[in-house]
2 protein chains.
Amino acid sequence: MLLITMGTASEMENDSKLSVLYYGEKTKELGKAVVHFTAVEISLDVDADRDGQVERNNPNKGSWMWGPNGHGAILLVNCDSERVYGKKLDTLNLKDMSPMMLRTRGPPKLPQGYKLAIHISQGDAETVRVYKTSFVKDYPLVLGFKNLSKEVPYPGGNAEMKFYVEGLRFPDKDFEGLITISLSLLEPSSGDFPETPIFTDKVVFRVAPWIMTPNTLNPVEVFVCSTSDNYEFLKGMRKLVEKSGYKLKICYEYMNRQDRWMQDEIEFGYIDSPHQHFPVVLDSPRDGGLQDFPYEELLGPDFGYVTRTAYNEVVSSLDSFGNLEVSPPVTVNGRNYPLGRIIIGVAFPTATEGRNMTKVVQDFLWAQKVQRPIALFSDWLVVGHVDEFMTFVPAPDKKGFRLLLASPDAAYKLFRGLQKDGHGQAKMFDGLGPGQEITVDEILSDEKLLAENNYVQSCIDWNRDVLKRELGLDDDDIIDLPILFHVIEDNRAVAYYPDMVNMIVLGKNLGIPKPFGPKVDGRCVLETEMTNLMKGLGVRCTYIDDFASYHKNLGEVHCGSNVRREPFSFKWWNLEM
Amino acid sequence: MLLITMGTASEMENDSKLSVLYYGEKTKELGKAVVHFTAVEISLDVDADRDGQVERNNPNKGSWMWGPNGHGAILLVNCDSERVYGKKLDTLNLKDMSPMMLRTRGPPKLPQGYKLAIHISQGDAETVRVYKTSFVKDYPLVLGFKNLSKEVPYPGGNAEMKFYVEGLRFPDKDFEGLITISLSLLEPSSGDFPETPIFTDKVVFRVAPWIMTPNTLNPVEVFVCSTSDNYEFLKGMRKLVEKSGYKLKICYEYMNRQDRWMQDEIEFGYIDSPHQHFPVVLDSPRDGGLQDFPYEELLGPDFGYVTRTAYNEVVSSLDSFGNLEVSPPVTVNGRNYPLGRIIIGVAFPTATEGRNMTKVVQDFLWAQKVQRPIALFSDWLVVGHVDEFMTFVPAPDKKGFRLLLASPDAAYKLFRGLQKDGHGQAKMFDGLGPGQEITVDEILSDEKLLAENNYVQSCIDWNRDVLKRELGLDDDDIIDLPILFHVIEDNRAVAYYPDMVNMIVLGKNLGIPKPFGPKVDGRCVLETEMTNLMKGLGVRCTYIDDFASYHKNLGEVHCGSNVRREPFSFKWWNLEM
């Protein structure tokens with residue numbers, strides 16, 4: 001048996017040969033056989049080392065591994081729109097796609113009858129499309145839903161052919177995110193037999209996950225709605241945003257249809273690859289008046305769009321994205337989450353009936369993998385959003401942030417102190433109109449309110465335990481803000497006065513709902529306390545009057561705004577899973 | 001602020017107290033506060049260290065990790081039937097379920113109004129059931145599809161309560177296999193408020209995967225069908241099986257309805273946990289005459305059953321389980337597969353139309369994870385099963401096995417040698433009846449047959465490359481068996497003479513289709529060559545006449561039999577993923 005290998009590619013067909021001489025026992029030559037060889041080097045290449053360049057024949061290109069020492073190419077879901085009018089999720093921008101090269105070395109032509117074919121499996125048919133550069137037509141489709149396999153021309157000699165690969169689906173419950181593309185050299189068969197593959201090369205891509213951005217990342221744009229009744233709020237927001245040096249974007253009535261809850265219809269995130277990154281808005285199945293805003297106004301060139309539709313599920317208030325937040329980077333029992341962890345609110349599972357976030361959205365969030373979600377208990381609230389009792393603010397020390405939690409206990413402590421110091425007659429809601437005002441003494445003597453707040457505190461305490469455990473926090477990573485709740489329907493609660501934890505975080509500037517607390521020496525005690533609690537964090541507190549236009553409608557500053565932020569400098573593919 | 005912890009559980013309610021004395025500036029006592037405490041220790045416990053015992057409060061019980069240093073409890077799908085008549089997939093055998101303990105230390109009763117509740121999430125509702133021991137009724141259902149949450153009694157004092165957890169679903173495309181069960185201590189609220197959780201403990205199970213058994217594992221039982229025309233075959237099989245020391249089980253006509261393909265309707269596997277393991281038969285969507293056999297005859301006490309139904313897909317010959325095999329343990333580029341890798345046959349993806357294994361079965365196989373599948377190209381065969389061109393036999397050296405491949409090249413080499421040595425007139429199919437016989441010279445002069453076999457060889461060669469790469473094999477791990485094919489329809493091939501690679505492997509005994517090759521000195525040249533090729537492996541070759549009853553029907557010994565084997569001694573949870 002002879003095993004023959006060739007070290008270099010042929011320049012011409014059959015340009016190498018092997019002669020075999022057969023000898024008898026006494027060196028008499030019995031015969032001679034000559035075999036001609038054509039060596040062709042074929043490689044399907046991708047950016048498997050994630051440096052933005054398509055290297056030649058990376059030995060790891062056929063598999064995918066997480067981590068700084070990992071490997072495997074990356075694919076973006078081409079979910080932006082190159083057109084501003086007549087939008088569609090289109091395919092015109094090559095930068096949104098991953099380059100892939102067919103590289104060959106060998107004779108100018110393949111031997112008679114040999115062919116190259118590029119192919120994907122049926123399972124990947126709805127997840128990927130492959131385009132090719134062409135002199136005749138711009139980027140003809142090579143592979144897609146209807147073409148799982150296609151012959152591609154042999155580029156000839158020492159040449160290469162460029163392809164562009166486009167992701168079509170984000171990872172989800174039924175799609176891990178990995179896609180394989182193969183290239184085969186097919187040998188002609190005699191007679192009517194089909195060609196048979198004699199060599200197959202393959203490359204593996206992972207579709208980039210959708211990534212959320214926590215409050216500790218720098219803002220880029222701030223979004224609010226203009227409605228017929230929120231002039232004061234807009235004024236306050238404009239001042240804050242301009243002072244902070246960011247852009248304020250206003251969504252007007254024709255588009256928001258009096259839906260003021262900019263936080264709830266959308267969540268800003270981004271997708272990232274070594275060759276391209278852009279923001280992607282996740283559109284909630286909530287579909288309020290703002291329903292058309294993300295598709296019509298946000299989607300555009302280098303601004304992607306993704307949504308999940310709840311076909312067989314009830315959509316509840318818990319599907320609003322005030323109920324979808326993300327923590328800053330954390331380390332928990334030695335496990336790093338350099339992109340933080342997603343936080344959602346659900347019904348507590350011992351409840352006999354409760355509202356929940358729809359399964360389609362939860363499945364999507366879990367499938368992104370890189371910001372493993374934490375489910376909190378938020379169904380105890382009328383509106384039911386996690387942003388009603390928690391937020392994160394940047395800090396110069398410890399873990400780089402503090403978790404702020406609403407705390408009825410802290411509020412009662414503050415109010416009892418006021419009473420003890422002789423300020424029991426100080427009034428809340430001063431100047432907000434007749435019948436609104438209430439004294440500290442009156443609040444403290446309301447037994448029903450106390451019972452309600454004890455209940456609320458126990459709900460928040462359970463969440464506090466979960467957050468400590470799941471984010472690896474100590475007690476001194478948490479600041480309790482003095483906030484009272486009251487129960488208004490179905491034993492569910494809402495903030496009693498503007499809910500200071502429901503703030504907007506713009507770098508070092510906090511836009512906090514103006515609480516209209518009792519005044520001592522002409523200064524709001526709640527504002528003073530809040531500002532004191534933020535001392536040492538290097539942040540500035542601005543109190544924004546959202547009382548009439550938001551608080552009375554059961555939301556606050558955070559519910560009424562949204563912030564697009566810069567992406568993480570940390571690359572998701574460097575995560576160790 | 002005072003942070004108070006208690007080191008031991010209370011024996012009585014309020015049996016610990018803390019007195020706080022308040023002093024003025026000059027040590028004058030201003031007042032005294034006394035707080036009473038009741039400490040209760042609550043733990044939901046499982047066998048998270050996988051030693052068969054439910055240890056107390058394992059710190060890792062709330063997560064799941066693969067590997068010898070891993071952790072996390074294991075759950076079996078309770079897919080056997082304790083009844084033999086009136087079968088159903090039932091729940092009577094506690095050994096099939098995973099024990100789970102609620103352990104408490106504390107006073108005999110919880111303080112007034114406190115409750116314990118055990119709960120699962122909506123997503124796990126169809127994957128798990130939880131039962132409890134009871135004095136009143138045997139094992140009442142605690143959690144299941146209709147009860148996601150249930151109050152459980154506080155066992156009182158230093159006590160424990162035992163639960164049994166039952167898996168309902170194997171891992172699949174939409175179910176990773178992980179299940180969380182939580183236990184919460186609920187605090188009463190004043191008024192009408194719902195109780196709130198003040199402590200939640202959780203445990204995580206992984207559902208045991210279905211595991212296939214390669215030829216290198218010891219047999220337990222051998223199954224064949226009895227049909228009106230297979231007496232000779234049965235006689236040969238009985239002799240082989242009895243000589244090998246195993247049990248032969250015959251499926252009779254009333255049950256097999258003349259379906260002789262015992263390999264194709266079922267695949268034997270098993271499930272394993274630290275507390276229990278049993279065989280599980282995977283029933284193919286093929287559903288031939290043997291359709292009822294696995295459920296009616298195999299399912300029983302400690303013998304499980306699982307199937308996948310192809311609702312929206314065409315079921316083809318590639319769904320028969322002669323097209324589903326598994327390799328012995330291998331190591332590939334440093335990655336260990338101590339349970340081997342599953343091997344299936346599919347259409348080559350460059351084919352414009354081809355038969356495939358149904359997606360439901362492929363999804364199931366991939367989701368088991370522990371024997372990562374390899375897809376070969378088998379659609380070039382009329383029947384289309386991987387067992388028509390490959391098998392594995394045990395070996396005392398190298399990797400512990402050899403891959404045997406059908407090889408037309410090896411057959412032509414052998415036949416040409418015969419011709420050269422003057423045996424061109426030796427006859428194949430001698431004695432099989434008039435018109436059957438054909439000489440070596442005639443075979444070698446058939447240009448059409450040569451072209452067909454060149455095509456077949458190229459198909460097998462492509463599979464050989466894939467197997468070498470995906471199983472980490474060298475050329476000397478592979479033995480080429482002299483087998484010819486011919487093309488009979490749609491350019492698809494079938495073995496020309498009994499396909500020796502389609503053998504049954506029973507420990508060191510191989511039951512090989514008797515090839516009826518040309519005879520030299522009265523001995524079949526193909527048998528001699530086959531026996532020679534197996535030399536050094538320590539196996540014994542027995543040739544079984546399957547010509548009329550199987551070969552003529554396009555199958556052989558392997559297609560007509562099935563072997564249930566002992567499970568691996570390697571535990572799947574020790575895999576490093």
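Per an unreviewed UniProt entry, the recorded name for chain A is protein-arginine deiminase, and the organism is Esox lucius. Quoted verbatim from the Subcellular location (unreviewed entry) field of the UniProt record, the comment on chain A reads "Cytoplasm".

Draft legend 1. Representation of the interface of chain B and chain A in the model. In this assembly, 37 residues from chain B lie in contact with 37 residues from chain A. With both sides pooled, the region where chain B packs onto chain A buries about 2900 Å², and carbon together with sulfur makes up 63% of that total. Where chain B packs against chain A, one counts two salt bridges. Across the pair K202 of chain A and E470 of chain B runs a salt bridge, and its minimum N-O distance is 3.8 Å. Remark: the boundary between chain B and chain A carries six residue pairs in polar contact (both at pLDDT 80 or more). Of all the secondary-structure elements, those providing two or more residues to the side of chain B that touches chain A are strand 6 (115-119), strand 11 (178-187), strand 12 (196-207) and helix 8 (447-471) of chain B. Among the residues making up the side of chain B that touches chain A, the classes are represented as 17 nonpolar, 10 polar and 10 charged.

Draft legend 2. View of the environment of L575 of chain A. All names here are of chain A. Of note, L575 is situated in the segment after strand 36 (561-565). When the C-alpha atoms of L575 and Y337 are compared, they prove to be 7.9 Å apart, with 238 residues separating the residues in sequence. The contacts of L575, once residues within four sequence positions are left out, are W66, G67, N336, P338, L339, V370 and F570.

Draft legend 3. Examining the relation of the copies chain B and chain A more closely. Between the two copies, chain B and chain A, the superposition gives an RMSD of 0.1 Å; the rotation angle is 180 degrees and the shift along the axis is 0.1 Å. Put plainly, the chains are arranged around a two-fold axis. When C-alpha distances to the rotation axis are compared across chain B, the minimum falls at D174 of chain B, with a value of 2.8 Å. A share of 100% of the interface residues of chain B reappears at the interface of chain A, consistent with the copies meeting face to face through the same patch.

Draft legend 4. Examining the environment of F321 of chain B more closely. Residues and elements named next belong to chain B. Among the structural elements, F321 can be located in the loop between strand 18 (304-307) and strand 19 (324-326). Classification of F321 as buried rests on a relative accessible area of 0%. The sequence separation of F321 and R523 amounts to 202 residues, and the corresponding C-alpha distance is 34 Å. Apart from the residues within four sequence positions on either side, F321 is in contact with Q263, D264, E265, I266, E267, L282, D283, S284, P285 and V361.

Draft legend 5. Quick peek at the sheet that holds strand 23 (residues 374-377) of chain B. All names here are of chain B. The strand order across the open sheet built from three strands is 19-22-23, with neighbouring strands paired in mixed fashion. Lying at the two open borders of the sheet, with one neighbouring strand each, are strand 19 and strand 23. Pairwise comparison of adjacent strand axes, ignoring direction, gives a mean angle of 35 degrees for this sheet. Bridge count for strand 22 (residues 342-346) against strand 23 is four bridges, and the pairing is parallel. Looking at the pairing, G345 lines up with L376 of strand 23. Its contacts with the sheet place helix 8 against strand 22 and strand 23, and it is angled at close to 165 degrees to strand 23.

Draft legend 6. Broad picture of unusual backbone geometry. The phi dihedral of K369 of chain A falls on the positive side, at around 70 degrees, and the residue is not glycine. Within the element layout of this structure, K369 of chain A appears in the loop between helix 5 (359-367) and strand 23 (374-377). Not every positive phi belongs to a glycine, and D287 of chain B is a case in point at roughly 50 degrees. Relative to the elements of secondary structure, D287 of chain B occurs in the loop between strand 17 (277-283) and helix 4 (293-298). Take D287 of chain B: its relative accessible area is 36%, and that puts it in the partly exposed class.

Draft legend 7. View of the pairing of strand 16 (residues 266-272) of chain B. Residue and element names in this part refer to chain B. Within strand 16, seven of the seven residues are buried, which leaves it mostly tucked inside the rest of the structure. Side chains I266, F268, Y270 and D272 project from strand 16 onto one buried face, and the interleaved E267, G269 and I271 project onto a second face that is buried too. Of the strand pairs in this sheet, strand 13 (residues 211-212) and strand 16 are connected by two bridges, and their pairing is antiparallel. Among the inter-strand pairings, M212 is bridged to a residue of strand 16, identified as G269. Relative to strand 17, strand 16 runs antiparallel, the two sharing seven bridges. Bridging from a neighbouring strand, Y270 pairs with P279 of strand 17. Hairpin connection from strand 16 to strand 17: four residues lie between these consecutive antiparallel strands.

Draft legend 8. Structural detail: the sheet that holds strand 24 (residues 390-394) of chain B. All names here are of chain B. Spatially, 24-25-28 is the arrangement adopted by the three strands of the open sheet, whose pairing is mixed. Edge positions in the sheet fall to strand 24 and strand 28 (478-482), since each has one partner strand and no second. Looking at each pair of strands side by side, their axes are set apart by 30 degrees on average, direction ignored. Relative to strand 25 (residues 401-407), strand 24 runs antiparallel, the two being bridged by five bridges. Looking at the pairing, P394 lines up with F401 of strand 25. Of the strands in this sheet, strand 24, strand 25 and strand 28 touch helix 9 (residues 525-534), which is tilted by about 175 degrees from strand 28.

Draft legend 9. Up close: the packing of helix 6 (residues 408-420) of chain B against helix 8 of chain B. Residues and elements named next belong to chain B. Across the interface, helix 6 lies against helix 8 with an axial gap of 8 Å and an inter-helix angle of 140 degrees. Here helix 6 is positioned oblique relative to helix 8, judged by the angle of their axes. Between helix 6 and helix 8, the residues in contact are P408, D409, Y412 and R416 and L449, L450, N453, V456, Q457 and I460, respectively. Tallied by class, the residues present in the contact of helix 6 with helix 8 amount to six nonpolar, two polar and two charged.

Draft legend 10. Here's a closer look at helix 1 (residues 231-244) of chain A. All names here are of chain A. Between the first and last C-alpha of helix 1 there are 20 Å, a value that for 14 residues agrees with the 20 Å anticipated at 1.5 Å per step. Looking at helix 1, one finds that the buried residues are F233, L234, M237, L240, V241 and S244. Within helix 1, the buried residues cover an arc of 135 degrees as seen down the axis, which keeps them to one side. Residues of helix 1 that are exposed and point over 90 degrees away from its buried face: Y231, K239, E242 and K243. Close packing links the buried residues of helix 1 with strand 14 (219-225), strand 15 (247-251), strand 31 (504-506), strand 32 (509-513), strand 35 (540-544) and strand 36. Once helix 1 ends, the next one or two residues include G245, with phi positive near 90 degrees.

Draft legend 11. Quick look at the packing of aromatic side chains. Scanning the model with the defined rule gives 47 aromatic pairs over all chains in all. Ring centres 6.2 Å apart and planes at 70 degrees place the aromatic pair F223 of chain B and F293 of chain B in the edge-to-face group. Note that F223 of chain B is positioned in strand 14 (residues 219-225) and F293 of chain B in helix 4, a separation of 70 residues in sequence. Judged on exposure class, the residue F223 of chain B and its partner F293 of chain B are both buried. When the ring of F268 of chain B is compared with that of F303 of chain B, the centres are 6.2 Å apart and the planes differ by 70 degrees; the resulting orientation is edge-to-face. Here the residue F268 of chain B occupies a position in strand 16, and F303 of chain B occupies one in the loop between helix 4 and strand 18, the gap between them amounting to 35 residues. An aromatic cluster is present here, built from F415, F429, Y496, Y497, F516 and F547 of chain A joined pairwise through their rings. The ring of W64 of chain B carries R50 of chain B above its face, with NZ or CZ at 4.3 Å from the centroid. Over the ring of Y550 of chain B we find R260 of chain B; its NZ or CZ atom is 5.7 Å from the centre of that ring.

Draft legend 12. Highlighting helix 6 (residues 408-420) of chain A. Residue and element names in this part refer to chain A. Between its first and last C-alpha atoms helix 6 spans 18 Å; for 13 residues at 1.5 Å apiece the expected length is 18 Å, and the two agree. Restricting attention to buried positions, one finds in helix 6 the residues P408, A411, Y412, L414, F415 and L418. Projected down its long axis, helix 6 carries its buried residues within an arc of 160 degrees, all on one side. In helix 6, those exposed residues whose orientation departs by more than 90 degrees from the buried face are K413 and K420.

Parameters at a glance
- Along each chain, residue indices are assigned from 1 in the same order as the chain's sequence is written.
- Labels follow written order: the first chain is A, the first ligand is 1, and so on.
- Totals for whole chains, interfaces and linings use all residues, but because this is a predicted model, local features are given only for residues with pLDDT of at least 70 and pairs of side-chain atoms are given and counted only at 80 or more.
- Hydrogens and water molecules were not included; the side-chain quantities draw on all heavy atoms of the structure.
- UniProt positions are given in the numbering used here, feature names are shortened, and annotations may be inferred rather than shown by experiment.
- Contacts are residue-level and defined by heavy atoms, with any inter-residue pair within 4.5 Å sufficient.
- The term buried area denotes the loss of accessible surface (1.4 Å probe radius) that occurs when two parts are joined, taken as the sum for both partners.
- Here a salt bridge means any side-chain nitrogen of Lys or Arg lying within 4 Å of a carboxyl oxygen belonging to Asp or Glu.
- Under the rule applied, a polar contact is a pair of N or O atoms within 3.5 Å (in protein, one hydrogen donor and one hydrogen acceptor; residues adjacent in sequence only if both atoms are side-chain atoms).
- By definition, any uninterrupted DSSP run of H or I lasting at least four residues is a helix, any uninterrupted run of E lasting at least two residues is a strand, and each is numbered from the N terminus.
- Residues are grouped as follows: Ala, Val, Leu, Ile, Met, Phe, Trp, Tyr, Cys and Pro are nonpolar; Asp, Glu, Lys and Arg are charged; all remaining types, including Gly, are polar.
- The atoms used to superpose the copies are C-alpha atoms, taken from residues with pLDDT of at least 70 in both, and the fit is least squares.
- Three exposure classes are used, based on accessible area relative to the maximum for each residue type with a 1.4 Å probe and protein chains only: buried under 20%, partly exposed in between, and exposed over 50%.
- In this scheme, strands are said to pair when DSSP sees at least two bridges between them.
- What counts as an axis is a line fitted to C-alpha atoms, over the stretch in contact for a helix, and the angles between N-to-C directions run from 0 to 180 degrees.
- Orientation is classified from the angle alone, with under 35 degrees giving roughly parallel, over 145 giving roughly antiparallel, 65 to 115 giving roughly perpendicular, and any other angle giving oblique.
- In this scheme, a helix's expected span is set at 1.5 Å multiplied by one less than its residue total.
- Directions pointing from the helix axis toward each C-beta atom define the arc.
- Side-chain rings of Phe, Tyr and Trp (the six-membered ring for Trp) are treated as a pair once their centres are within 6.5 Å; stacked means planes under 30 degrees apart, edge-to-face means over 60, and tilted covers the remaining angles.
- Any Lys NZ or Arg CZ found within 6 Å of a ring centre and within 35 degrees of that ring's normal is scored as a charge over the ring.

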